[in-house]
2 protein chains.
Amino acid sequence: MRPVCVLGLGLIGGSLLRAASAAGRQVWGAADGPDARAARDAGYQVADDVDGALRDAARLDALVVLAVPLPAVNDVLARVAALAPDCRLSDVVSVKVPVAEAVRRIVPGARYVGGHPMAGVAASGWDAGSAALFQDAAWVTTVDEPTDLSVWRDVTGLALDTGASVVPATASEHDDAVARISHLPHVLAAVLASVGADGGPLAMSLAAGSFADGTRVAGTRPELTTAMCEGNREPLLSAVDDALGRLGAARGSLASTGSLGVTFRSGHQGRTGLDGARGAQCAKVSVNLDAPDVLEGLHRIGLQGGRIVGLDEHTALGELP
Amino acid sequence: MRPVCVLGLGLIGGSLLRAASAAGRQVWGAADGPDARAARDAGYQVADDVDGALRDAARLDALVVLAVPLPAVNDVLARVAALAPDCRLSDVVSVKVPVAEAVRRIVPGARYVGGHPMAGVAASGWDAGSAALFQDAAWVTTVDEPTDLSVWRDVTGLALDTGASVVPATASEHDDAVARISHLPHVLAAVLASVGADGGPLAMSLAAGSFADGTRVAGTRPELTTAMCEGNREPLLSAVDDALGRLGAARGSLASTGSLGVTFRSGHQGRTGLDGARGAQCAKVSVNLDAPDVLEGLHRIGLQGGRIVGLDEHTALGELP
């Protein structure tokens, strides 16, 4: 199993360090301040600084995983360029196109495959993490052309080791999808929380399940939500425009004919589709990793809502809903 | 304790029949079809028809509670006008201004005080109900001028008997508040579910907590949601306009400066206010029910986010956050 070097030991990086270690991998990390101390106190191997961690990674041909917030990516990549310029490189940042562009610009020789485990952001820091955070989560791995398949196998194998299943997607498809199912929900939760609060104490005292559910993620620290959503600007603008269009259509229909039937039937269908996808019987598929069109085969599984659940020397095993 | 006659034995009416009976009250109901049979089979007193139930109510000066969907209210009120035209009357319908207007038009002699227990709508019918449905729920009772205080006491006493606490509000304030904290959440959940589903199978397979929470109520039967929201047209239009304004402002800020800070800080503040109101230490207050400005005193408690939690012969006991 390939050694792993995790740069950043917050919620996600810290959980990855624990999960990779629990899976029996050689793994070490680097971070600033309290996260590094807490990880070291818990018995994990933590380098004195990023440079030291990267020197070890270069020597051992380890997989380096960036686990810092988007605004810190460029600085860390500059150290990668200095100390491990052709390393096997992945990340767990919540957007993929901006990270891929930064890698191309700053560390063009790195063998990079993007990653994103779909695990929560409500808490943060080493103390909020656990080895079980990725259990049953979806972990996106990018399959843009060109992709070094050996590194894709490294990233996928690591994700599977943590208990996640893997969704192959291009960086751009990933960013469009998370704008709809992660970033837009945060924007709408914030809007709903504000409109509700504008109703004053009476409205707040009547708020029950629908309002509590619809505003839950507005309880996340706004700095985290802001950084996450601002980092996916163009895809999020497009998702917000879709929401504005549908909300405006509902408004127009309610004002003119008094009807909200189209809005609620469409919403019910969308939600039922989500529940259906979760409960679906899966068909098993396999992708020959030695085939010339392997990336296309992997990509097709992700586009169909499927996941990679196993990996052996020549084959990726997938499930399709 | 005043006898109670419940017209309609679905989720809310059926739960009220059970809860009033469990509190030791004389209570009977009337309903069509399977709900009536199920209630009778469970040992509750169910009249053969609405007319019979209303004749008993007139004879015993009972509190009559309308527990039918808004579209059925007019027909039931016509029977009330025929058989118990000056009865003590309340309801548990999800909007208050339209019901109050229908009562004024169809049964002008009824001594009416509106009510609305804030309990869930995801399931429906007698079988979905329980005596515990209203435990700790907020139950709005209307305090518009003129209000017959004796009937207000009947309604409030019944609500307290079911384990709810009572929020005094005018019909119009109620409708504005529920537009923000109940009906708008349903509209936004439907919009989010549709925009997410438009992202296709890949987006659905990546959807996690924020999307699942934000779309939960879109799983409600769309006929129920549609009827509930369409019945509160003008207040909901105003709440949707507020949401469109805030979402449009977020869109503009993201497109121009790239910032979502204002949106997320405001949303976080709103959500924190909700959590704070729930955890707040309460101050005890009491309202003298014999005072000339009693309605004003009750109204003030509701407007401040407070609740009535007890009632004796001369005093209503309240809690303020």
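Residues numbered from 1 in each chain as written. Chains lettered and ligands numbered in written order. Predicted model: local features only at pLDDT ≥ 70, side-chain atom pairs only at ≥ 80, totals over all residues. Heavy atoms only, no water.

Novice: Any chance you could explain the pairing of strand β7 (residues 138–142) of chain A here in plain terms?
Specialist: The two faces of the sheet receive side chains in turn, since in a regular strand these alternate between them. Residue and element names in this part refer to chain A. Along β7, 5 of the 5 residues are buried, which leaves the element largely enclosed by surrounding structure. By the alternation rule, side chains of β7 split into Ala138, Val140 and Thr142 and Trp139 and Thr141, which are all buried. Direction of pairing for strand β6 (residues 115–117) relative to β7: antiparallel, over a ladder of 3 bridges. Residue pairing for β7: proline 117 is matched across the bridge by tryptophan 139. The sheet contact formed by β7 and strand β8 (residues 165–169) spans 5 bridges and is parallel. Counted as the bridge partner of alanine 138 is serine 165 from β8. Viewed along the sheet, the connection from β7 through helix α6 (residues 149–161) into β8 turns out right-handed. (Buried < 20%, exposed > 50% of the residue type's maximum accessible area, 1.4 Å probe, protein only. Helix = DSSP H or I, 4+ residues; strand = E, 2+ residues; numbered from the N terminus. Pairing = 2+ DSSP bridges. Right-handed = clockwise from strand over helix to strand, strands pointing away.)

Novice: Honestly, the relation of the copies chain A and chain B in this entry has me stumped. Any pointers?
Specialist: The two chain copies are related to each other by a rotation about an axis together with a translation along it. For the pair chain A and chain B, the best superposition has an RMSD of 0.0 Å and corresponds to a rotation of 180° with a translation of 0.0 Å parallel to the axis. Those values place the two copies in the arrangement expected of a two-fold rotation axis. No C-alpha of chain A lies nearer the rotation axis than that of A:Gly214, which sits 2.3 Å from it. Looking at the interface residues of chain A, 100% of them are also at the interface in chain B, so both copies use one shared face. (Least-squares fit on C-alpha atoms with pLDDT ≥ 70 in both. Contact = heavy atoms within 4.5 Å.)

Novice: Even after reading the chapter, I still don't get the sheet that holds strand β1 (residues 4–7) of chain A, so can you show me in this structure?
Specialist: Within a sheet, neighbouring strands are paired by backbone hydrogen bonds and run either parallel or antiparallel to one another. Residues and elements named next belong to chain A. Strand order in the open sheet formed by 5 strands is β2-β1-β3-β4-β5, with parallel pairing between adjacent strands. Strand pairing shows two members of the sheet lacking a second neighbour, β2 (27–30) and β5 (111–112), which therefore form its edges. Sheet topology places strand β4 (residues 88–91) next to β5; 2 bridges connect them, and they run parallel. Paired with arginine 88 across the strands is arginine 111, a residue of β5. Its contacts with the sheet place helix α3 (residues 50–60) against β1, β2 and β3 (63–66), and it is angled at close to 150° to β2. Here helix α4 (residues 73–83) sits on the sheet in contact with β1, β3 and β4, set at roughly 160° to β3. (Axes fitted to C-alpha atoms, helices over the stretch in contact; angles between N-to-C directions.)

Novice: In this structure, what is going on with empty space enclosed by the protein? I would like to understand it.
Specialist: Rolling a probe over the atoms, with the probe sized like a water molecule, indicates the empty space that remains. Counted under the stated rule, the structure contains 3 cavities of 30 Å³ or more. In this structure, the largest cavity encloses a volume near 150 Å³. If you trace the largest cavity, you find 19 residues lining it, with A:Leu192, A:Asp213, A:Gly214, B:Asp213 and B:Gly214 closest to the centre. Only α7 (171–197) and α9 (209–215) of chain A together with α7 (171–197) and α9 (209–214) of chain B provide two or more residues apiece to the lining of the largest cavity. Residue classes in the lining of the largest cavity are distributed as 10 nonpolar, 5 polar and 4 charged. (1 Å grid on protein atoms, 1.4 Å probe; cavity = no way out; pocket = protein on both sides within 12 Å on 5 of 7 lines; lining within 4 Å. Points joined across faces, edges and corners; volume = space filled by probe spheres on them. Nonpolar A, V, L, I, M, F, W, Y, C, P; charged D, E, K, R; others polar.)

Novice: How do you make sense of the environment of B:Thr162 when you look at a structure like this?
Specialist: Residues and elements named next belong to chain B. Here threonine 162 shows up in the loop between α6 (149–161) and β8 (165–169). For the pair formed by threonine 162 and alanine 23, sequence separation is 139 residues and the distance between their alpha carbons is 7.2 Å. When neighbours within four sequence positions are excluded, threonine 162 is seen to be in contact with Leu16, Ala19, Ala131, Phe134, Gln135 and Trp139. A distance of 2.6 Å separates a polar atom in the side chain of threonine 162 from the backbone oxygen of alanine 159. (Polar contact = N/O pair within 3.5 Å; in protein donor to acceptor, adjacent residues only side chain to side chain.)

Novice: Would you take a moment to explain the interface of chain A and chain B for this structure?
Specialist: In many reports, interface size means the accessible area that the parts give up when they come together. Across the boundary between the two partners, chain A contributes 87 residues, which contact 88 residues of chain B. By the criterion of area lost to chain B, the three top residues of chain A are A:Leu206, A:Leu247 and A:Phe264, representing 10% of everything that side buries. In this structure, B:Arg251 and A:Asp241 form a salt bridge, with 2.6 Å as the shortest nitrogen-oxygen distance. If you look at where chain A meets chain B, you find 30 residue pairs in polar contact (both at pLDDT 80 or more). (Buried area = accessible area lost by both parts, 1.4 Å probe. Salt bridge = Lys/Arg side-chain N within 4 Å of Asp/Glu carboxyl O.)

Novice: Which parts of the structure should I look at to understand the packing of aromatic side chains?
Specialist: Residue and element names in this part refer to chain A. Overall, the coordinates contain 4 aromatic pairs over all chains when judged by the stated rule. Relative to tryptophan 126, the ring of tyrosine 44 lies with its centre 5.6 Å away and its plane at 65°, an arrangement referred to as edge-to-face. Residue tyrosine 44 is located in the loop between α2 (33–41) and α3, and its partner tryptophan 126 is located in the loop between β6 and β7; the two are separated by 82 residues in the primary sequence. On the accessibility criterion, tryptophan 126 (4% relative accessible area) is buried. Over the face of the ring belonging to tryptophan 126 we find arginine 18, whose NZ or CZ atom lies 3.7 Å from the ring centre. (Phe/Tyr/Trp six-rings, centres within 6.5 Å; stacked < 30°, edge-to-face > 60°. Lys NZ or Arg CZ within 6 Å of the ring centre and 35° of its normal.)

Novice: Looking at this structure, I do not really get the pattern of salt bridges. What am I missing?
Specialist: Any two side chains of opposite charge can pair, on the condition that their charged atoms come close. Residue and element names in this part refer to chain A. In total, this model carries 32 salt bridges over all chains according to the counting rule given. A salt bridge links aspartate 61 to arginine 88; the shortest N-O distance between them is 3.2 Å. Separated by 27 residues along the polypeptide, aspartate 61 in the loop between α3 and β3 and arginine 88 in strand β4 bring together distant segments of the chain. What emerges from the salt-bridge pattern is a single network uniting Arg2, Asp61, Arg88, Arg111 and Asp154.

Novice: For this particular structure, what's the right way to read unusual backbone geometry?
Specialist: Most peptide bonds take the trans configuration, and most residues that are not glycine carry a negative phi. Residues and elements named next belong to chain A. Cis peptide bonds are those with omega within 30 degrees of zero, and the linkage from glutamate 145 to proline 146 qualifies with -15°. When you line up the elements, proline 146 lands in the loop between β7 and α6. Notably, aspartate 61 is not glycine yet its phi reads approximately 50°, a positive angle. Of the residues examined, aspartate 61 reaches a relative accessible area of 28% and is grouped as partly exposed. In this structure, aspartate 136 takes a positive phi of about 65° despite not being glycine.

Novice: Would you mind going over helix α11 (residues 233–256) of chain B with me for this structure?
Specialist: An α-helical segment advances 3.6 residues per turn. Residues three or four places apart therefore align on the same side. All names here are of chain B. Here α11 spans 34 Å end to end across 24 residues, near enough to the 34 Å set by a 1.5 Å rise per residue. When we look at burial in α11, the residues that qualify are Pro235, Leu236, Leu237, Ala239, Val240, Ala243, Leu247, Ala250 and Leu254. One or two positions beyond α11, positive phi appears at glycine 258, with a value near 80°. (Expected span 1.5 Å × (residues − 1).)

Novice: What is the right way to read the state of the cysteines from this model?
Specialist: Covalent bonding between the sulfur atoms of two cysteines defines a disulfide. Throughout the structure, instances matching the rule amount to 0 disulfides over all chains. For A:Cys5, which is in no disulfide, the shortest distance to another cysteine sulfur is to A:Cys87 and amounts to 8.4 Å. (Disulfide = S-S within 2.5 Å.)

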